[in-house]
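# Survey of secondary and tertiary structure
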Amino acid sequence: MTSGRPATVRFAVVGNPGNRRVDLFADAVRAAGLPGPRVVPWADVLRDGGADFAPEEVVRLDSPGEDAHVDRLLRGTDDPTRVEGSARWYTTFTSALRGLRGGRRLDDPDDLAVLFDKRRCHAVLAAAGVPVPASPTSGPGAPPVRGWEDVRALMREHRMPRLFVKLAHGSSASGVLAVESAGGGRIRATTSVELAPDGRLFNSLRIRRYTDERQIAAVVDALAPDGLHLERWLPKASQRGRVADLRVVVVDGRATHAVVRTSTAPLTNLHLGGRRGDLDEARAAVASAGARWTDVLAVCERAAACFPRTLCVGVDLLPAIGWRRVAVGEVNAFGDLLPRLTGLPGSGAEGRDTYAAQVTAALRRHGSTSAPGPPDPQDADDPNRPNDPHGKHHPLHPHDTRTGSAHAIA
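Below you will find a few notes about this structure. None of the values given here were measured: they were computed from a predicted structure.

The strands that make up a sheet pair up through hydrogen bonds in the backbone, lying either parallel or antiparallel. On the basis of which strands lie adjacent, the open sheet formed by 5 strands has the order 8-7-6-5-9 and antiparallel pairing. Among the strands making up the open sheet, the edge pair consists of strand 8 (201-210) and strand 9 (228-232). Between one strand and the next, the sheet's axes are offset by a mean angle of 25°, whatever the strand orientation. Two strands pair when backbone bridges link them, and strand 7 (residues 187-195) and strand 8 are joined in this way by 6 bridges, in the antiparallel orientation. Bridging across to strand 8, Thr190 finds its partner in Arg209.

Rendered as structure tokens:
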């Protein structure tokens, strides 16, 4: 134990009381032999302009999603199924982060500000040499996307007949369109966005395909004021006839958990009808392609290393057709909701879910006589620990088929 630190620590979590994420983390804290964490409601943080934490408190930030009142405070809308309002969500959320004072933090406000801006996150990953899809909207010098006409122009200029249009501050496929064009002016957009007759946009649990360019333009034009990010559509590998990608959780620099997500649609999110695939099959496919599974995980660890002051991120990994190459689609601040999934062999998190792995890492980092289990290979003297480029390594509200603000689901 590091000198000067108390023998035990106390956990606190900023979250929505009663939310499954908060409950799962609290269960993991108690399973480590510690009192349950103090829960600081997001509603109070947003109302009071911040919160204070004791020096010995280890503070975890959890998703503010899946709460209609909190969503209204963040986005300024009374209907949690609405898509619009993500720019206001981002401004309010990042402002609230700056109002959190004290404690030992497991999530860094500056990291989160980048993670929740796809344009900035893509630029950070690309600058670090992490493989990502090509994007004309990456970084501060990129041209703004003011509507469908700009999307069309960038498709032509960058020779991108197939691309993803994403809300800059969205998550969980909210406002995402998979757009593909063909000869004769034909175009199709696959999305979970429901376009109402009055022009309002809603998140839906049902995937839609729009082939009328006027409807696609109406959706994109309505999304554009919140900020848009464009990425080349990379053809993905398949598993049992379904497109596949992976969510890989990285805890304290080490890839600890992974799940394959498969779908018949370009969007593989599990709440949109995606299904969990077979991880062993994916590993075998990587080996058959002549690649190494450890290299696949290393890409995720390199992506997480771009955010060294945040303990845990979820990396969306896009395997190319043939499973030999991969790219990082997104890095998620709250991407650890994978209930009942235990750690990868050799990860140091075997037998632990994502929350137990984070509790173990936090106790190791901040010092506690109650830290469970043997030391794991993520200790600071481990020669295999990924390098920290910053030198600071430390660590739905359904209505019919519509779903609430998507800043909640893994």
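That covers the picture; the talk isn't over yet.
Inspection of every chain in the model, using the stated rule, returns 37 salt bridges. Note that Arg30 and Asp27 form a salt bridge whose closest N and O atoms lie 3.1 Å from each other. Highlighted residues: Arg30 and Asp27, both in helix 1 (residues 20-31), separated by 3 residues, approximately one helical turn. A salt bridge links Arg214 to Asp212; the shortest N-O distance between them is 3.1 Å. In this structure Arg214 comes out as exposed when scored by relative accessible area, which is 67%.

With 10 of its 10 residues buried, strand 12 (residues 254-263) lies for the most part within the structure. Bridging between strand 11 (residues 242-251) and strand 12 involves 9 bridges; their strand directions are antiparallel. In the sheet register, Leu246 faces strand 12, and the bridge partner there is Val260. Bridging between strand 12 and strand 13 (residues 275-276) involves 2 bridges; their strand directions are antiparallel. From the neighbouring strand, Arg261 faces strand 13, where its bridge partner is Arg276.

With that settled, consider the nonpolar core. Phe93, Leu125, Val328 and Val331 are the most contacted members of the largest nonpolar core, which totals 60 residues. Of the residues forming this core, the biggest block, 7 residues, is contributed by helix 10 (residues 293-304). Among all residues touching Val328, those that are not within four sequence positions of it are Leu125, Val130, Pro131, Val132, Pro133, Val299, Ala303, Val315, Asp316 and Leu317. Formed by 26 residues, the second largest nonpolar core is a distinct cluster that contains Val13, Val249, Leu311 and Leu363.

A separate point is the sheet that holds strand 2 (residues 38-41). Taken in spatial order, the 4 strands of this open sheet run 2-1-3-4, and their pairing is parallel. In this open sheet, the two edge strands, each paired with only one partner strand, are strand 2 and strand 4 (100-105). Within this sheet the neighbouring strands show an average axis-to-axis angle of 50°, counted without direction. Bridge analysis of strand 3 (residues 51-61) against strand 4 gives 5 bridges, and the strand direction is parallel. Within strand 4, the residue paired with Val58 across the bridge is Arg104. Across the face of the sheet, helix 1 comes into contact with strand 1 (10-15), strand 2 and strand 3 while running at roughly 175° to strand 1.

Val70, Asp71, Leu74 and Arg75 are the residues of helix 3 (residues 68-75) that are buried. Along helix 3, the residues classed as buried sweep out an arc of 110° about the axis, all on the same side. Where the residues of helix 3 are buried, they touch helix 2 (42-48) and helix 4 (86-98). Its side-chain oxygen placed 3.1 Å from the backbone nitrogen of His69, Asp67 serves as the N-cap of helix 3. Directly after helix 3, the chain includes Gly76, whose backbone phi takes a positive value near 75°.

Take the environment of Val220 next. As for its placement among the helices and strands, Val220 is situated in helix 8 (residues 213-223). Placed 43 residues apart in sequence, Val220 and Leu177 show a C-alpha to C-alpha distance of 8.6 Å. Ignoring anything within four residues of it in the chain, the contact list for Val220 reads Gly147, Trp148, Val151, Leu177 and Leu228.

Criteria and thresholds
Residues numbered from 1 in each chain as written. Predicted model: local features only at pLDDT ≥ 70, side-chain atom pairs only at ≥ 80, totals over all residues. Heavy atoms only, no water. Pairing = 2+ DSSP bridges. Helix = DSSP H or I, 4+ residues; strand = E, 2+ residues; numbered from the N terminus. Axes fitted to C-alpha atoms, helices over the stretch in contact; angles between N-to-C directions. Salt bridge = Lys/Arg side-chain N within 4 Å of Asp/Glu carboxyl O. Buried < 20%, exposed > 50% of the residue type's maximum accessible area, 1.4 Å probe, protein only. Core = buried A, V, L, I, M, F, W, Y, C linked by side-chain atoms within 4.5 Å. Contact = heavy atoms within 4.5 Å. Arc of directions from axis to C-beta. Polar contact = N/O pair within 3.5 Å; in protein donor to acceptor, adjacent residues only side chain to side chain.

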